[in-house]
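Chain residues, written in single-letter form:
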Amino acid sequence: MSAATKMTMAQAINAALRDAITEDDSVVVFGEDVAQLGGVFRVTDGLHREFGESRVFDTPLAESGIVGMAVGMAMNGMRPVVEMQFDAFAYPAFEQIVSHVAKLGNRTRGKVRLPIVIRVPYAGGIGGVEHHCDSSEAYYAHTPGLTVVAPATNADAYGLLREAIAGSDPVIFLEPKKHYFTKEEVDVSVPVPPIGRAVVRRPGADATLIAYGPSVPVALAAAEQAATEGRDLGVIDLRSIVPFDDETVCAEVRRTGRAVVVAEAPGFASVASEIAARVGERCFHHLEAPVRRVTGFDVPYPPPKLEHHFLPGVDRILDTVDTLQWEEDVA
Amino acid sequence: MWRCGLSAGQLKAAITPARLLDETGRLVRGAPTPDAEALAEGYRKLVFARRLNEQAGALVRQGRLAVYPSSRGQEACQVACTSVLAEGDWLFPTYRDSAAIAARGVDPVEVLTLLRGDWHCGYDPNVHKVAPQATPLATQLLHAVGVGHAARLKGEDTVVMALCGDGATSEGDFHEACNFAAVFRAPVVFFVQNNKYAISVPLARQSVAPSLAAKAIGYGMPGVRVDGNDLPALEKVLGEAVARARAGDGPTLVEADTYRIESHTNADDASRYRADDEVTAWLPRDPLLRVRTYLTAIGALDDEREQDIAAAAEEMAAAVRAGVGAETVADPEEVFAHVYSTLTPQLAEQRAALRAELELEEA
C-alpha cells in the first residue's frame, strides 16, 4: 500500500528507523535519551517501547563511548545507528570518527567494513544557545572514508537514511534541526535518488543556486522572490556532500553560466569554498561571472538574538546574485 | 537495579599483586601447583615471544622495519592474554603487542606488515579475531566493548581481551570504555600492562591512584593486580576474568605489574629519562627465567627439550627474516581502493590522474 502522508521530518526519520529495525535484525539504535524519552527532538519516539532494550537503548552520557562502541558492534555484525543529540556535542567523538570510523575499512583493506550511521541534528535557526547550532559538515567532509549526507526534504530524510543504514560504509547523517517539525507530503514507498546524486529542485535559466540541508528551502525562497523580479534562478539540492555530484552541478552551471553557493557554515575553508573551487575549475569557460558564496560569517555561532544576521537569508542571496556581472551592469 | 558491591577482599586484590612463582622460580606459599605440561607449553611461547622481539629489533637495525616497539620483559603478559582465550574470542592489541598477536596464531610476517610500511594492517582481523593494532591510545577499548555488547545481544558467549598500557589509562576513552563495559556488563577483560613508562613519562605522572587496578572500583567492576612477569599467576587471574565475562558477570580490569626493558621504540633513547640501575634491578625478574628455573627444578624441562624449543624459535625467526626481507611491490593505486566500498567519482578521477603520472614515468 502506498500513499503520501503528511509528516514532519522528525516523523520521516522515525519511520525510516522503524522500518530499518523491522526489516533487519542487525540494526540497533542507541545514544543519549533516545530510548524512554524518544530523543530530545522526539526523533526516536516510541521505538524503545516497540522494539525493546536490545534494539533501542540509552547509553552513558559520553559521545566518544557511543561512537567507539558502535565501531565494535559493527565489527561484530551489527548496523548501529547512533544519535549525537546536537552538532557541537559530537566533538568528543571526533577522534573515534576520524581515526577509526573513517579509516578502519581502508586500514584492513576492506576486510572490515563499518556500516554505522551517525545521526547529527545540525545547524541553526532554532534560537538555540551556544553549542547547539554548529554547522560542522566541513570537518566530516574533509575526512576521507566518511560519507556525508544532508537531506533537505522529508522524503529525502526517509529515503537517504534508509540507504545509509543499508549500506556498507559509515555515514554522517546531518539532520537540519530547523526543519524537524516542518510538515511535507511523503510517500515512503517511492524511492528517492541514491546518495551521491544531486537533484535540481527548481530549473532556472539565469543563474544556479547550489545548496544542501537547511539552506535548500532558503535558496528556493530566494528563487521564488527573484522570479517576481524577473530573474529565473535554478536551485540544486546536493543531498550528499560526500560523494559530491560534480556532474549534475556542472551541467546546470554550464547551462546558466552563473552560480552562487549557499550554506550556513562559516565560509572560510568550508564546503561552500570547495564547491566554488570545483565549479570554477570545471566550468570556467562557461562562466559569465565568478562563483560567489553566501555563507555564515567566520565567527562562532552567534547567540539567539543575533543569529538572523548570521544565517544566509533571501535578501543576502539576491544581493549576491545581483553582483554576478549581468549585462545591464555592463551597459 | 543491579549495582556492583565492594568487599575488603576485592580492595586487596586491586592493590596487592597476585603471584604464584616468585623471582627465584619457586612457588609461593599456598600456591596451587601449575600443570607442568601446560607451563612447559607456556615457556615455549615465552621463548618465541622473546625471539620475535629480538628478531624484529634486529630487522629495524638492518633497515628492514621502520620501527619496532618491543615488549621485551613483558612476554609473560603477551603470552597469557592470548592463552586464556577460546577460538571465537577477540583480542584488541596495541602497537606494543606484536608478540601477543603472533601468540594468537597470526603469522608474524603479517603482524610486521604495519611496521614494514606496506600497509596499515597486514592481517585479516576476522580470521584470528584480532583487531588491527591500535596506535591512538585507548580508542580500541571502546571497540572491544562494542564487540562484546554485540555478542551479548546476539546471545553468543564471546569474550573480548582489550589491551592497553599505563599511559593509556589517562585517556578519556579508557574511562568511557570501563564505564560502558560496567554499565552494560559487557564480556570484556581490560588488561593493562603497567610497564611504568609512556615513552618517557613515568607512572607517577599518569596517576597517583593506589593502583591502576583500583580504578575499577569506581566503575563498579572488579580490579585485580598481578605480577606481570609471573606467567602462571597471569594465566590464573586472566583466566578467571575471562570465565567471569563468559558467564555473563561483566568486565574485569586486570593490571600487570611489569617493566619495559627496552626504549619505547628503537627511535627512543631511554637513557635520557631513566637510570640504568632501575633497568638492571628488573632484570632478575625476567619472565622467562623464573618459569625456566621452576620447570627445570621439577624435571619438566631438560636440555633436549630446551634445545628443541630454541631450534623451533630459530626457525620462526628465520621465516620472519625471509618474509620481512622479501621484496614486495606496493601498488600505488591501492591507496584509493579501500577508502569506500565503491570508488567515488572523485577518487576515480584522482586514481586516473595518478595512473597517467605513473605511465608517463614508465614511458
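Rules behind the numbers
- Residues numbered from 1 in each chain as written.
- Chains lettered and ligands numbered in written order.
- Predicted model: local features only at pLDDT ≥ 70, side-chain atom pairs only at ≥ 80, totals over all residues.
- Buried ≥ 20, exposed ≤ 12 C-beta atoms within 10 Å, placed from the backbone.
- Helix = DSSP H or I, 4+ residues; strand = E, 2+ residues; numbered from the N terminus.
- Pairing = 2+ DSSP bridges.
- Axes fitted to C-alpha atoms, helices over the stretch in contact; angles between N-to-C directions.
- Left-handed = near helix turned anticlockwise from the far one by under 90°.
- Contact = placed C-beta atoms within 7 Å.
- Nonpolar A, V, L, I, M, F, W, Y, C, P; charged D, E, K, R; others polar.
- Core = buried A, V, L, I, M, F, W, Y, C linked by C-beta atoms within 7 Å.
- Expected span 1.5 Å × (residues − 1).
- Domains from an automatic or database assignment.

### Some remarks on the pairing of strand β7 (residues 252-257) of chain B
All names here are of chain B.
- With six of six residues buried, β7 lies mostly within the body of the structure.
- Looking at chain direction, strand β3 (residues 188-194) and β7 are connected through six bridges and run parallel. Across the sheet, the residue bridging to N194 is D257, located in β7.
- Two elements, strand β6 (residues 223-227) and β7, share five bridges in a ladder whose sense is parallel.

### Comments concerning the packing of helix α3 (residues 75-83) of chain B against helix α12 (residues 231-246) of chain B
Residues and elements named next belong to chain B.
- The contact between α3 and α12 brings their axes to 9 Å, and the two run at 35°. Regarding α3 and α12, the two cross each other, and that crossing is right-handed. On α12, the residues touching A76, C77, V79, A80, C81 and S83 of α3 are L231, L234, E235 and L238.
- Counted by class, the contact of α3 with α12 contains eight nonpolar, one polar and one charged residues.

### Observations concerning the nonpolar core
Residues and elements named next belong to chain B.
- M161, A162, V189 and V254 are the most contacted members of the largest nonpolar core, which totals 205 residues.
- If one sorts the elements of this core by residue count, helix α2 (residues 36-61) sits on top with nine residues.
- Not counting residues within four places of it along the chain, the set of residues in contact with M161 comprises C81, L85, D89, W90, L91, F92, V189 and F191.

### A few points about helix α17 (residues 345-362) of chain B
- Taking 1.5 Å per residue, 18 residues should reach 26 Å; α17 of chain B reaches 26 Å between its end C-alpha atoms and fits that length.
- Little of α17 of chain B sits out of view: just zero of its 18 residues are buried.

### A closer look at the sheet that holds strand β1 (residues 90-92) of chain B
All names here are of chain B.
- Read from one edge of the open sheet, five strands run β1-β2-β3-β7-β6, paired in parallel fashion. Unpaired on one side and paired on the other, β1 and β6 mark the two borders of the sheet. Neighbouring strand axes in the sheet, compared pairwise and without regard to direction, differ in orientation by 20° on average.
- Two strands pair when backbone bridges link them, and strand β2 (residues 160-165) and β3 are joined in this way by six bridges, in the parallel orientation. Its bridge partner being in β3, A162 is matched across the sheet by F190.
- Against the sheet, helix α8 (residues 139-153) engages β1, β2 and β3, with an angle of about 170° to β2.

### Remarks on the domain arrangement of chain B
- Partitioning chain B into structural domains gives domain 1 (8-330) and domain 2 (331-363).
- The distance between the C-alpha centroids of domain 1 of chain B and domain 2 of chain B comes to 39 Å.

### Some remarks on the interface of chain A and chain B
- Residue-level contacts link 36 residues of chain A with 33 residues of chain B.
- When residues of the side of chain A that touches chain B are traced back to their parent elements, those giving at least two are α3 (63-75), α4 (94-101) and α5 (104-107) of chain A.
- Looking at which element gives the most residues to the side of chain A that touches chain B, the answer is α3 of chain A, with nine residues.
- Class assignment for the residues of the side of chain A that touches chain B results in twelve nonpolar, 17 polar and seven charged.

### A look at the domain arrangement of chain A
Residue and element names in this part refer to chain A.
- In terms of domains, chain A is made up of domain 1 (5-186) and domain 2 (199-330).
- Placing a centre on the C-alpha atoms of domain 1 and another on those of domain 2 gives a separation of 27 Å.
- In this assembly, 26 residues from domain 1 lie in contact with 21 residues from domain 2.
- At the level of secondary structure, the elements contributing two or more residues to the side of domain 1 that touches domain 2 comprise α6 (137-141), β6 (147-149), α7 (154-166) and β7 (171-176).
- Class assignment for the residues of the side of domain 1 that touches domain 2 results in 14 nonpolar, seven polar and five charged.

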